[in-house]
Each structure stands twice: as C-alpha cells, then as structure tokens.
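# Secondary and tertiary structure notes
What follows is the residue order along each chain.
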Amino acid sequence: MSEIETDLDRLAAVQRRIARAARECGRSAEDVRLVCVTKTVPAERIATIIAAGCQDFGENRVQEAAEKWPALRRAHPEFCLRLIGPLQTNKVRDAVRLFDAIESVDRPKLAAELAKEMARSGKTPRVYVQVNIGEEPQKAGVLPEAADEFIRYCRESLELNIEGLMCIPPAHQLASPYFALLAKLAARNGLKRLSMGMTSDFELAIQLGATEVRIGSAIFGVR
Ligand SMILES: *Cc1c(COP(=O)(O)O)cnc(C)c1O
C-alpha cells in the first residue's frame, strides 16, 4: 500500500474513533473538530488529506508552516490552519499572516504584540490561551493559577477576543485530571473551546469536553 493510502485509512479510523467516543458520552461528533497535526509531513501528503475533506490543521513551527502552507492555500482556500507550538514575539507578524488560529498565547508581551499586529494588519486569527496544565518547568503555557488574570488582561487591556484554552498534559500520566482542570478554567471564564487530546489520549479528552483534538501520529504514522 502506498503511503497516501495508508494516511487515508488511518484518517478514516481516527474519524470513526472520534465519532464513537463522542457518541459514548452523549455528544455529537460534529461538536469535536479533528485537527490534523502536519508537522514534518510533506505538502503532497497534506494535500491528499485536504482533498479528503479535513478542515483543521496544526503546525508547531512558523518557519515550517511558511514553507508548506501558502501553496496549499492557493489550491484549497477553505481550511483553518492552527499554530499549536511556541511563538516568539519576533515571529508574530509571520504568524498572523499565515495562521487562522493561534493556540499558544501564554504571556502578556506576546499577547500585546499579537493585538498590535492584528490592529495593524486587519487580520484577526482566533486566539487560544495555552495553559501549562501540569505546571511543568519545561513546558510553555500560563500556570493554572494565573490563567484567570491573564485572560482578563487579554480581554480588557488588549481587547483580544479569546476563543478557548489549549493544553498539553504531562506525558506518561493519566490525563483526565488535567483535562478536567482545563475544562473548569474555561467554564469559569466563559470560554467555549477546548483544544486538548492527542494520539495517546483523545478519547479521554472528548469525554471531558474537548472541542478540538490535535492528532498527528495516529494519522501520519510515528514521526
Ligand atoms: C505534535 C503535537 C500534537 C500531535 O501529537 P500526536 O501524539 O502525534 O498526535 C498535538 N499537539 C501539539 C502541541 C503537538 O506539538
């Protein structure tokens, strides 16, 4: 079997698992968006997944996205490209130009630069706040106890329209307490979107309210 057929088979299997997980907890499969994570995946394989009807894609590096996505967008204008990796302030202009959603906003200086660039360019990607839900020193994200204040700052001081929260829970641990905490932080801030769940734990994330699951290796194979 060719690599592309394999991608499509694995995509279909992931879509079935999402639908089943949603059904099992009384949610509708349409309420859970599959974000295909395409880091390290070449453009021709991505094009096949776009042609299969997927609408949400995640990349974790601005530079890699700049190399692959402008040409894909010319061929298929209808999709939502999401930045799910760390963003340096000196890449904000490129990120606003390239992405339809930025899920890794986690500090005041970055939020302020984003607000400024959106006002300057008139382009307004959707913004998610990334929470360092397991309080891990090596991980990006605002700490859970600082999330309310950071969200308030973004909304009130910068007039940024925050769409939801994103997290990457600690590896090799049961993710459910972390997903539940992210859902609680979102609810008490009136946020409806929860980007949580990856290949190893997306069914659990769906049970706990994920609206976007970010899946790479279950579709494209191990990187
Ligand atoms: C790579 C990546 C994913 C996808 O991970 P898989 O385990 O391959 O599904 C999801 N979210 C972020 C932020 C990533 O960097």
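Structural data are supplied above this passage.
Report follows, based on the coordinates. All of these numbers come straight from a predicted model, not from anything done at the bench. (Residues numbered from 1 in each chain as written. Predicted model: local features only at pLDDT ≥ 70, side-chain atom pairs only at ≥ 80, totals over all residues. Heavy atoms only, no water.)

Once that is clear, we can look at the site of the ligand. In the neighbourhood of the ligand, the contacting residues comprise Val37, Lys39, Asn60, Ile84, Ile168, Met198, Thr199, Arg214, Ile215, Gly216, Ser217 and Arg223. Taking Thr199, its side chain carries an N or O atom lying 2.5 Å from an oxygen atom of the ligand. Between Arg223 and the ligand, the recorded distance is 2.9 Å, taken from a side-chain N or O atom to an oxygen atom. Protein chains bury 90% of the 390 Å² of accessible surface belonging to the ligand in isolation. A molecule is said to occupy a pocket when more than half its atoms come within 2 Å of that pocket's grid points, and by this definition the ligand occupies the largest pocket. Of the residues belonging to the shell around the ligand, the class tally is five nonpolar, four polar and three charged. (Near = heavy atom within 4 Å. Polar contact = N/O pair within 3.5 Å; in protein donor to acceptor, adjacent residues only side chain to side chain. Areas by Shrake-Rupley, 256 points an atom, 1.4 Å probe, with all protein chains shown as cover. 1 Å grid on protein atoms, 1.4 Å probe; cavity = no way out; pocket = protein on both sides within 12 Å on 5 of 7 lines; lining within 4 Å. Sits in = over half its atoms within 2 Å of the grid points. Nonpolar A, V, L, I, M, F, W, Y, C, P; charged D, E, K, R; others polar.)

This part takes up the pairing of strand β4 (residues 101-105). The element β4 is largely enclosed, with a buried count of five among its five residues. In the sheet, strand β3 (residues 80-83) pairs with β4 via two bridges, with the strands oriented parallel. Within the sheet, the bridge partner assigned to Arg82 lies in β4 and is Ala101. At this point the chain moves from β3, through helix α4 (residues 92-98), to the parallel β4, and the crossover so formed is right-handed. For β4 and strand β5 (residues 126-131), the ladder comprises three bridges, and the chain directions are parallel. In the sheet register, Ile102 faces β5, and the bridge partner there is Val127. (Buried < 20%, exposed > 50% of the residue type's maximum accessible area, 1.4 Å probe, protein only. Helix = DSSP H or I, 4+ residues; strand = E, 2+ residues; numbered from the N terminus. Pairing = 2+ DSSP bridges. Right-handed = clockwise from strand over helix to strand, strands pointing away.)

It is worth spelling out helix α6 (residues 144-157) at this point. With 14 residues, α6 extends 20 Å from end C-alpha to end C-alpha; this agrees with the ideal 20 Å at 1.5 Å per step. The set of residues buried in α6 consists of Pro144, Ala147, Phe150, Ile151 and Cys154. Down the axis of α6, the buried side of the element spans an arc of 105°, and every buried residue falls inside it. Of the residues in α6, the exposed ones pointing more than 90 degrees away from the buried face are Glu145, Glu149, Glu156 and Ser157. (Expected span 1.5 Å × (residues − 1). Arc of directions from axis to C-beta.)

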